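Descriptive structure summary
If you want the building blocks of each chain, they are given just below.
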Amino acid sequence: MMRWSRVATLVVAASAAVAVRPVAAQTFPTNNPTLKRIWDEGMTRSQLEAFGQTLTDSIGPRLTGSPGMKAGNDWLVQTYQRMGIPARNEKYGTWTGWRRGVTHVDLVAPRVRTLEGTMLAWSPGTKGPVEGPAIALPDVQNKAQFDAWLPSVKGKYVLVSMPQPTCRTDDNWEEFGLPESVQKMKAARTEAQQAWAARVRNTGLGTGDSPQQQTASATRLLPVALERAGALGVITSLWSQGWGVNKIFNGRTTSVPSLDLSCEDYGLVFRLAERNQGPRLRVNAQAQALGEVPVFNTIAEIKGSEKPDEYIVLSAHFDSWDASSGATDNATGTITMLEALRILKQVYPNPKRTIVVGHWGGEEQGLNGSRAFAADHPEIVSGLQALFNQDNGTGRVVNINMQGLTGAAGPFANWIAQIPSEITRHIQLGIPGSPGGGGSDYASFICYGAPAFSLSSLGWEYGTYTWHTNRDTYDKIVFDDVRSNAVLTAMLTYLASEDPQKLPRDRRVMTADSNGRGGEWPSCQAPARSAAESTR
């Protein structure tokens, strides 16, 4: 316990010393000329805007197994090579190949309206425009009623999501609505959610020990049952509770399209269907199945001059969902690491330890790229001095968790104390913290007990507006914050490389909660090397 107190005091003292310094570009806690050059290169000659624009606008989304992902891998290799940094695409497995085409969804009766619709990832397309009536999943009471209804879906589009009672945001209601109106709306929404869960569960398709498990299982299996019964397509809507924003994931059908409609347009079609007002849809959705294709991590490296078998890894996943551009999930993390290595190549070209950048594939399917890399490169895991991962949006870094490594706080505090307060005044260190179990790619390394840290960022309403949504585009990038993160990463990398001591790997004692969970260090999971191996 005394050791913990001493470590915490070190960090608090270092952080306080940094935080009270005046905010000025030339203010440095130390007289280190390399840190000053990193600051100058990163703040005055940043390439982030150019990197970000090319990646999000020109290359675009990077769905695992898509041509866009491979084009992005190749662009990274070419970009590093132009900087004089060796880089390669390293195959870690294969995945279902798929190319998205245009998606066009029109309401053609009882009136005409072009709808905001997106085909879900890996969904089949149509063979030209396909028109048909739209119907809603009925409020059946049991599996027998569902089975009796099921043949009626032939030749129809089926709506399988709950229609939202309002597509206004809660904060909009709370700002303008009467308290009793807000309360009434929220109560009605909760009731509707419970009723819809029962409607899905009553199909009898799901399995599980709890109603929640049964509902989740039935939701996954329902599109398949509708497809087999001859439906023209499956229509969903996963509203993100923000203005005009939907979450877009993958479809589960194999011969007919799975489509998402915006909150507003889905509600329109659903109300027409529920009131027997004859909605008809015309869908022209183009997609190309490409078979099983190789998938890659992109790896760049600057070899260490004194300790080449010890490593600092800069980590960010490169893949994205593909309803928009993957800007904050995770082009921002990608260009942070790209820019950090560019800076270091300019001002610190001969690091003491080897610096590796890992742009991981398949993160959205279960950290597959980074898990494969860790499994395939035990020498890097055993020689890891520090890994810095960024993957939660465009905001400036505000929290760094020590991941349960009891000896990490002292050295980390020493590094932070040498970095200008313009960057560190926002940052809190989590001491001792707990090891992450799978939220992002650092978990692929901390499970081995290797020092891997998440550079956790300020929110910018990431979960609502950009995380896995149809609005994750270039304009959402806050470049001042990303610039700060790139400079922070470059400075941490330099300081970790120069540190004469290797970061300790002592682990905290893990205690279970009242339910018996969390009493062990997280175990390392085997990567899914193909879609057939995936459980997600």
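Before reading on, note that the structure itself is shown above.
Residues numbered from 1 in each chain as written. Predicted model: local features only at pLDDT ≥ 70, side-chain atom pairs only at ≥ 80, totals over all residues. Heavy atoms only, no water.

A short note on unusual backbone geometry
For the record, the criterion: A run of DSSP states H or I qualifies as a helix once it reaches four residues; a run of E qualifies as a strand once it reaches two. Both are numbered from the N-terminal end. Relative accessibility thresholds used throughout: buried, under 20% of the residue-type maximum; exposed, over 50%; partly exposed, between the two (1.4 Å probe, protein chains only).
Following Asp329, the chain continues to Asn330 via a peptide bond in cis, the omega torsion being 10°. Turning to its location among the elements, Asn330 is positioned in helix H10 (residues 327-347). With an omega of -10°, the peptide bond between Ile431 and Pro432 qualifies as cis. Structurally, Pro432 is set in the loop between strand E13 (428-430) and helix H15 (443-446). The phi dihedral of Gln403 falls on the positive side, at around 60°, and the residue is not glycine. Topologically, Gln403 is positioned in the loop between strand E12 (397-401) and helix H13 (409-417). Residue Gln403 is classed as buried on the basis of its relative accessible area of 2%. Phi at His468 takes a positive value of approximately 60°, unusual for a residue other than glycine.

Digging into the packing of helix H4 (residues 67-82) against H10
Think of two packed helices as two axes; the pair is described by the angle between the axes and how far apart they sit. Threshold: Axis definition: a line fit to C-alpha positions, over the contact stretch in the case of helices; interaxial angles, taken between N-to-C directions, run 0 to 180 degrees. Throughout, the term roughly parallel applies to angles under 35 degrees, roughly antiparallel to angles over 145, roughly perpendicular to angles from 65 to 115, and oblique to all others. Throughout, a crossing is termed right-handed when the near helix is turned clockwise from the far one, and left-handed when it is turned anticlockwise from it by less than a right angle. Should any heavy atoms of two residues lie within 4.5 Å, those residues are considered in contact. Each residue gets one of three labels, nonpolar for Ala, Val, Leu, Ile, Met, Phe, Trp, Tyr, Cys and Pro, charged for Asp, Glu, Lys and Arg, and polar for the others, Gly among them.
Close contact between H4 and H10 brings their axes to 11 Å; oriented N to C, the two are set at 20°. As summarised for this structure, H4 and H10 are arranged roughly parallel, according to the angle between their axes. Seen along the crossing, H4 lies across H10 with a hand that is right-handed. Along the contact surface, H4 presents Trp75, Leu76, Thr79 and Tyr80, while H10 presents Thr334, Met337, Leu338 and Leu341. Split by residue class, the contact of H4 with H10 holds six nonpolar, two polar and no charged.

Observations concerning the nonpolar core
So the rule is basically this: Throughout, nonpolar core names a set of buried Ala, Val, Leu, Ile, Met, Phe, Trp, Tyr and Cys residues whose side chains join them through atoms within 4.5 Å.
Ranked by internal contacts, the top residues of the largest apolar core, which has 82 residues, are Ile38, Tyr80, Phe388, Phe412 and Phe453. If you tally residues by element for this core, the top one is helix H17 (residues 479-498), at eleven residues. Those residues within four positions of Phe412 in sequence are excluded, and the remaining contacts are Phe388, Ile400, Met402, Leu429, Phe453 and Leu492. Grouped together as the second largest cluster of nonpolar side chains are 48 residues, Ala121, Ile135, Val200 and Tyr266 included.

Description of the state of the cysteines
The line we're drawing: In what follows, a disulfide is any cysteine sulfur pair within 2.5 Å.
A full pass over the atoms with the stated rule returns two disulfides. Put simply, Cys447 and Cys524 are joined by a disulfide, and their sulfur atoms are 2.1 Å apart. Here Cys447 and Cys524 share a disulfide; its torsion about the S-S bond, 105°, makes the bridge right-handed. Of this pair, Cys447 sits in the loop between H15 and strand E14 (452-457) while Cys524 is found in the segment after H17, placing the two residues 77 residues apart along the sequence. Accessibility expressed as a relative area gives 9% for Cys447, which makes it buried. A relative accessible area of 31% means that Cys524 is categorised as partly exposed. The connectivity of the disulfide-linked cysteines in the protein, indexed sequentially, is 1-2, 3-4.

Points about the pattern of salt bridges
Keep this limit in mind: Put simply, a salt bridge is a Lys or Arg side-chain nitrogen that is within 4 Å of an Asp or Glu carboxyl oxygen.
One pass over the full model with this rule turns up 22 salt bridges. One salt bridge connects Arg280 with Glu131, and the closest N-O pair in it is separated by 3.2 Å. Of this pair, Arg280 sits in strand E8 (residues 280-302) while Glu131 sits in strand E4 (residues 130-136), placing them 149 residues apart in sequence. Taking the relative accessible area as the measure of exposure, Glu131 reaches 36% and is therefore partly exposed.

Comments concerning empty space enclosed by the protein
Heads up, the rule is: Cavity and pocket criteria rest on a 1 Å grid covering protein atoms alone: a 1.4 Å probe that fits but cannot get out defines a cavity, protein on both sides within 12 Å along at least 5 of 7 lines defines an open pocket, and an atom within 4 Å of a point defines a lining residue. Grid points are joined across faces, edges and corners, and a volume is the space filled by probe spheres set on the points.
On inspection of all chains with the given rule, the structure shows four cavities of 30 Å³ or more. Approximately 80 Å³ is the volume attributed to the largest cavity. For the largest cavity, the full set of lining residues is Arg371, Ala374, Gly436, Gly437, Ala443, Ser444, Cys447, Tyr448, Pro522, Ser523, Cys524 and Gln525. Those elements that provide at least two residues to the lining of the largest cavity are helix H11 (368-376) and H15. The class makeup of the residues in the lining of the largest cavity is six nonpolar, five polar and one charged. Empty space within the second largest cavity amounts to approximately 60 Å³. As for the second largest cavity, its lining consists of Ser320, Trp321, Asp322, Ala323, Ser324, Gly326, Asp329, Glu364, Thr466, His468, Thr469 and Asp472.

Some words on the pairing of strand E10 (residues 353-360)
Within a regular strand, the side chains alternate between the two sheet faces. Condition: Criterion used throughout: strands pair if DSSP finds at least two bridges between them. The definition of a right-handed crossover adopted here requires that, viewed with the strands pointing away, the path from the first strand over the helix to the second runs clockwise.
Across the eight residues that make up E10, a large majority, eight, are buried. Looking at chain direction, E8 and E10 are connected through five bridges and run antiparallel. Residue pairing for E10: Ile299 is matched across the bridge by Gly358. Where strand E9 (residues 307-317) and E10 come together, eight bridges link them in parallel fashion. The partner of Val313 across the bridge, within E10, is Val356. A crossover links E9 with its parallel partner E10, the connecting element being H10, and its sense is right-handed.

Quick look at the environment of Leu272
With respect to the element layout, Leu272 can be found in helix H9 (residues 263-274). Taking the C-alpha atoms as reference points, Leu272 and Ile427, separated by 155 residues in sequence, lie 51 Å from one another. Setting aside residues no more than four positions away along its own chain, Leu272 makes contact with Leu107, Pro110, Gln277, Gly278 and Pro279.

Quick word on the packing of aromatic side chains
Counted only if it meets this: Side-chain rings of Phe, Tyr and Trp (the six-membered ring for Trp) are treated as a pair once their centres are within 6.5 Å; stacked means planes under 30 degrees apart, edge-to-face means over 60, and tilted covers the remaining angles.
Under the counting rule described, the total for this entry stands at 15 aromatic pairs. Relative to Phe445, the ring of Trp360 has its centre 6.0 Å away and its plane inclined at 40°; by these criteria the two rings are tilted. Of this pair, Trp360 sits in strand E10 while Phe445 sits in helix H15, placing them 85 residues apart in sequence. Residue Phe445 is classed as buried on the basis of its relative accessible area, which comes to 1%.

Details of the pairing of E14
In terms of burial, E14 is a largely internal element, five of the six residues being buried. Alignment of strand E11 (residues 384-389) against E14, held across three bridges, turns out to be parallel. Bridging from a neighbouring strand, Asn389 pairs with Ser454 of E14. Where E12 lies against E14, three bridges are found, and the strand directions are antiparallel. Residue pairing in the sheet places Val397 in a bridge with Ser457 of E14.

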